[in-house]
Structures are given as structure tokens and as C-alpha cells.
Amino acid sequence: MDVKGKRVLVCGMARSGIAAAKLLAQLGAQVTVSDLKAEREFDDALEELHAAGCRFALGEAPDAYIPDQDMMVISPGIAWKKPFVQNALACGVEVMAELELGARLTRGELVAITGTNGKTTTTTLVGELLRAAGRTTHVVGNIGYPITATAGISRDEDVTVAEVSSYQCEGISSFHPHVGAVLNITEDHIARHGSMEVYIAMKRRIFAQQTEQDVAVFNRDDETCVRMAQGLRARVAWFSRKQRVDFGACVENGNIVLHLDGEPQTVCRCDEVFIPGAHNLENALAAVTIAGALGVPVETMRDVLRTFRGVEHRIETVRELSGVTWINDSKGTNVDSTQKAIETMTRPTVLILGGSDKGVSFDPLAETLVHAPQIIHCVLIGDTAAQIEASLARTGYTAVTHAGHDFDRCIALCRELAVPGGCVLLSPACASFDMFKDYEDRGRVFKEKVMALV
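Here is a short report on the structure shown in this document. (Residues numbered from 1 in each chain as written. Predicted model: local features only at pLDDT ≥ 70, side-chain atom pairs only at ≥ 80, totals over all residues. Heavy atoms only, no water.)

### Some details on the sheet that holds strand β9 (residues 179-182)
Turning to step 1, where the next piece is worked out: One open sheet holds the nine strands; their spatial order is β7-β8-β6-β9-β10-β11-β12-β13-β14, and the pairing between them is mixed. Edge positions in the sheet fall to β7 (137-141) and β14 (265-269), since each has one partner strand and no second. Between one strand axis and the next, the sheet turns by 20 degrees as a mean value, whatever way the strands run.
Turning to step 2, where the next piece is worked out: Examined bridge by bridge, β9 and strand β10 (residues 215-219) share four bridges and lie parallel to one another. Within the sheet, the bridge partner assigned to V182 lies in β10 and is F218.
Turning to step 3, where the next piece is worked out: Relative to the sheet, helix α11 (residues 298-307) contacts β13 (255-259) and β14, its axis offset from that of β14 by approximately 10 degrees. (Pairing = 2+ DSSP bridges. Helix = DSSP H or I, 4+ residues; strand = E, 2+ residues; numbered from the N terminus. Axes fitted to C-alpha atoms, helices over the stretch in contact; angles between N-to-C directions. Contact = heavy atoms within 4.5 Å.)

Okay, here's the thing in C-alpha cells:
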């Protein structure tokens, strides 16, 4: 893809937008950067773009700049249905997601991992497996490090492993991973996509450009994934905790077993996987399937699975204080993810729930909680607190206290309610934008406040 001399409007100056603008400028494009926030609100985050000669169109809508552009690159937070995006398309401007731009400019093999939950853990684990096998690997995407930040340095022998969100999939067209994977599908992001059908269709788009030489990986235990796998051109590989598979990875007699084109290979015992929980066993099976398709030796997989300690903000122990263990699961941004976190709790636990609204039902979470005696109390925060309490009340669960939008009060309440030998778990089942910049900011603030307790 040659962008030299092209006029490109980059919309949204968060991490991915800044990385995209920087890469485009390095490649000789005439870049205009746009964001509704004024320049003073970015502190010094845009200094590199000034130095690169980018034109600034900040603090205003981008519509006036659109007719003069050859391309427009949009950040994941900008919905495809936005009027200015549709206006650009009507003007004949090529519009693409930052993920699409990065993929077009990336050299080497590309892996794309999506799904509702487990993406960050699995993406990180696949990266570790490939690096341990001696491959130069770039771990990018929705994980917090944009693909456009590594596209310019990638080489033909490298591997890029991208965590892909449904938001990013709105703006892809020629995106072509050599290995693509869907880990699971549960209700999420309905406020953005409008329906589960659209949400699923967005996820499935990662396979649209695959050929017979590529591999598509799915969760055999997820009915939606089974349906999604139908009619693809790529070779389908499966992973499963519950049943044997002919091509992929599964559990047999307490072992993770890899089935590719030769004899079955035992990777390790399930209880040797360091990260805990049934959901993490599924993540490990998915990672083994992907790594196996890319030629990583079983011996390498065994060593990594025994030592990989997971990722920040995902069931992460922060500290123990006065006999209470504080756990950061800020990555629990939807109901299914929080349900999985609840399942890992074996001690009396105070659970922090709530955040910004995604338009989903909290009734399944309430059903889980009413049958989870280890959750002794819920402290509710943020915009969705009333919705969550209403769902809990319908099941008869009443051990609830509100902290409003005051996170300090939330921490103080949890300390009062927790019991020695128990836990406090932050797993909100919601996005974070009502009180924080993102789930990482929420997790970091939680850890800072917990570490400050005396």
C-alpha cells in the first residue's frame, strides 16, 4: 500500500489515532489530525505529530475537511454509522479502521484473535508462545498497543498477533489474517451495534478474506462459534474443554492434547497451566491451537503454559491486607467475564459492580450471584448501579450497598464489609467510561487506592 502524497484525515486522537497519523506521516502522506477535543486537552501527547508536519484540526467536527481528502482513518471509538463517516463515504473518500490501515502496511504473518472474553489473555499468551519459539512477534490491537505502531518495523519473517474488537471490525475490508480465532460469544456492545446479530457479524468479518491456505479457530463448546464456522473458505480448527476434536486442541484424560495432521501430541496436564480457572484453560487451549498452526513445538508450549502468569487487570492479586485479598479484574467489562471471575472465587468475597451502560441485561449475572454463596456483598458504582440492583432484587439478592460515583467511598465500604480470610473483587461487568478513561485506568486507580490503605 503506497500512501506517499495522499491526503489522509485521521479521526480520533487516542493511542491508535496518534500511531496511525505518525506512521502515515513517516510514509510521506499529507496528514490532517482531527478530534473534538481542543489541543490544550492533550498536554504534550501530540508533540510528535507537530514535529512530523501534521495539520491540526482539533476542537471541531471534521466535516469541513472531508471533501479534500483521499482517505480517512478512524479510531475504534468512532462508530461507522456516525454522520461524518457516512458523509465521507458519500464523497468518495476511502474510509478504514486503524486496524485495516495497520494490517495493509504490516509484513509477515498475521494472527487475529477476537471473541467476547479472553482476548487479551489469549493474545498475550500466543505472543509468549511464539517468542519462546524464537519468532520475532508483535502483540498489538485492542490490547492497548496499536498495530500501526509496529507496522513500519515489521519484517517478512515476523508474526503480528492482533487482539481485535467488534468496534475495529466495522472498518475492515481487505483485512486478511493467516490464522483467525473466535474464543466465545456472549451478549456485549449492544448499545454500539444495535443487536446480537450485528455484533456476531462484526466478529465474523475477520475471516472474510481468508483462503484455503489459512486457518480459522473456534470454540467447539460455544454454539454460536459452531454456527459462525460454517461456510468459511479457511480450514477450521477447534478447541474444546468438553469433547475430542479431530483438528485443534482438547482435553483428554486431564491433559491438553494437540491434534494436527500427524499423531496426537500431549502438551501438558491441565493442572500444570499456571493461570487458574476453567475460562483460562479454554484460553490456553485456544492459544495452543493457534501456536500449533504456526509450527510452535509442543515442548515450548509446555514450558510457557507452566509459567505464564496472565495479564494485568484480569483476576490480578493486588495485595493482602488484614487477612483480606484485594483482586483487580477491571478487564471484567461484561456480564460473562464477571461470571467467570465469580466462579474462581473460593472465599467470602465482596464484589464491586457497575459502570457505564452497554445496553445489556444484568439478569444472567443476578442468577449467578444468587447461586454464589461466596459473594457475601455487592458494592455498586457508576451509571448502571440501579439497573444491576433491580436485576439482583428480582432474584431475591439484597446484600447490596451503593457507592454512587465515589470510588474512594467504594473502597472504604469494601474494607468495612470484607472479612478476614476473604477477598474484595473488582469485576464490574460494565465499561468504565462513566468514571474513568478506560478499564486500564479503572484498574490502575483501584490498585493505587488499595496499595495506599494502611
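Further notes follow.
### Things to note about helix α1 (residues 15-26)
Turning to step 1, where the next piece is worked out: In a regular helix each residue adds 1.5 Å, so 12 residues correspond to 16 Å; α1 covers 17 Å between its end C-alpha atoms and thus fits that length.
Turning to step 2, where the next piece is worked out: Among the 12 residues in α1, nine count as buried, and that is most of the element.
Turning to step 3, where the next piece is worked out: One or two residues past the end of α1 sits G28, with phi positive at roughly 95 degrees. (Expected span 1.5 Å × (residues − 1). Buried < 20%, exposed > 50% of the residue type's maximum accessible area, 1.4 Å probe, protein only.)

### Quick notes on the pattern of salt bridges
Turning to step 1, where the next piece is worked out: Summed over all chains, the structure comprises 26 salt bridges.
Turning to step 2, where the next piece is worked out: Ionic pairing is found between K358 and D188, a salt bridge with its closest N-O pair at 2.9 Å. Of the two residues, K358 is situated in the loop between β17 (349-353) and α13 (363-370) and D188 in the loop between β9 and α7 (190-193); the sequence distance between them amounts to 170 residues.
Turning to step 3, where the next piece is worked out: The exposure class of K358 is buried, given its relative accessible area of 10%.
Turning to step 4, where the next piece is worked out: Between R244 and D246 there is a salt bridge, and its shortest N-O distance comes to 3.1 Å.
Turning to step 5, where the next piece is worked out: A residue is classified by how much of its surface remains accessible, and R244, at 52% relative accessible area, is exposed.
Turning to step 6, where the next piece is worked out: Residue classification places D246 among the exposed positions, given a relative accessible area of 65%.
Turning to step 7, where the next piece is worked out: If you follow the salt bridges from partner to partner, you end up with R269, D271, E272 and R306 in one network. (Salt bridge = Lys/Arg side-chain N within 4 Å of Asp/Glu carboxyl O.)

### Here's the deal with the packing of helix α5 (residues 119-132) against helix α10 (residues 278-293)
Two quantities define a packed helix pair, namely the angle between the axes and the distance from one axis to the other.
Turning to step 1, where the next piece is worked out: At a minimum axis distance of 9 Å, the contact between α5 and α10 shows a crossing angle of 45 degrees. Relative to α10, the element α5 lies oblique. Like other packed secondary-structure pairs, α5 and α10 cross with a definite hand, here right-handed. Within the contact between the two elements, α5 uses T121, T122, L125, V126 and L129 and α10 uses N280, N283, A284, A286, A287, V288, I290 and A291.
Turning to step 2, where the next piece is worked out: Taken together, the residues of the contact of α5 with α10 sort by class into nine nonpolar, four polar and no charged. (Parallel < 35°, antiparallel > 145°, perpendicular 65-115°, else oblique. Left-handed = near helix turned anticlockwise from the far one by under 90°. Nonpolar A, V, L, I, M, F, W, Y, C, P; charged D, E, K, R; others polar.)

### Description of the packing of aromatic side chains
Between two aromatic rings, the relevant description is the distance of the centres plus the angle of the planes.
Turning to step 1, where the next piece is worked out: If you walk through the whole model with that rule in mind, you get five aromatic pairs.
Turning to step 2, where the next piece is worked out: With centroids separated by 6.1 Å and ring planes inclined at 50 degrees, the aromatic side chains of F218 and W238 adopt a geometry described as tilted. Taken together, the residues span a long stretch of sequence, with F218 in strand β10 and W238 in strand β11 (residues 235-240) at a distance of 20 residues.
Turning to step 3, where the next piece is worked out: Residue classification places W238 among the buried residues on the basis of a relative accessible area of 18%.
Turning to step 4, where the next piece is worked out: Taking 5.1 Å as the distance between ring centres and 75 degrees as the angle between the ring planes, the aromatic pair formed by F407 and F436 counts as edge-to-face. You can see F407 sitting in helix α15 (residues 407-417) and its partner F436 sitting in the loop between β20 (423-426) and α16 (439-451), a full 29 residues away along the chain. Neither F407 nor F436 differs from the other in exposure class; each is buried.
Turning to step 5, where the next piece is worked out: By way of ring pairs, the aromatic residues W326, F407, F436 and F446 are connected into one cluster.
Turning to step 6, where the next piece is worked out: Looking at R220, its charged tip hangs above the ring of W238, at a distance of 5.3 Å from the centre.
Turning to step 7, where the next piece is worked out: Lying across the ring of Y439, K331 places its NZ or CZ 5.1 Å from the centre. (Phe/Tyr/Trp six-rings, centres within 6.5 Å; stacked < 30°, edge-to-face > 60°. Lys NZ or Arg CZ within 6 Å of the ring centre and 35° of its normal.)

Interpretation note: all reported values are geometric properties and have no functional meaning in isolation.
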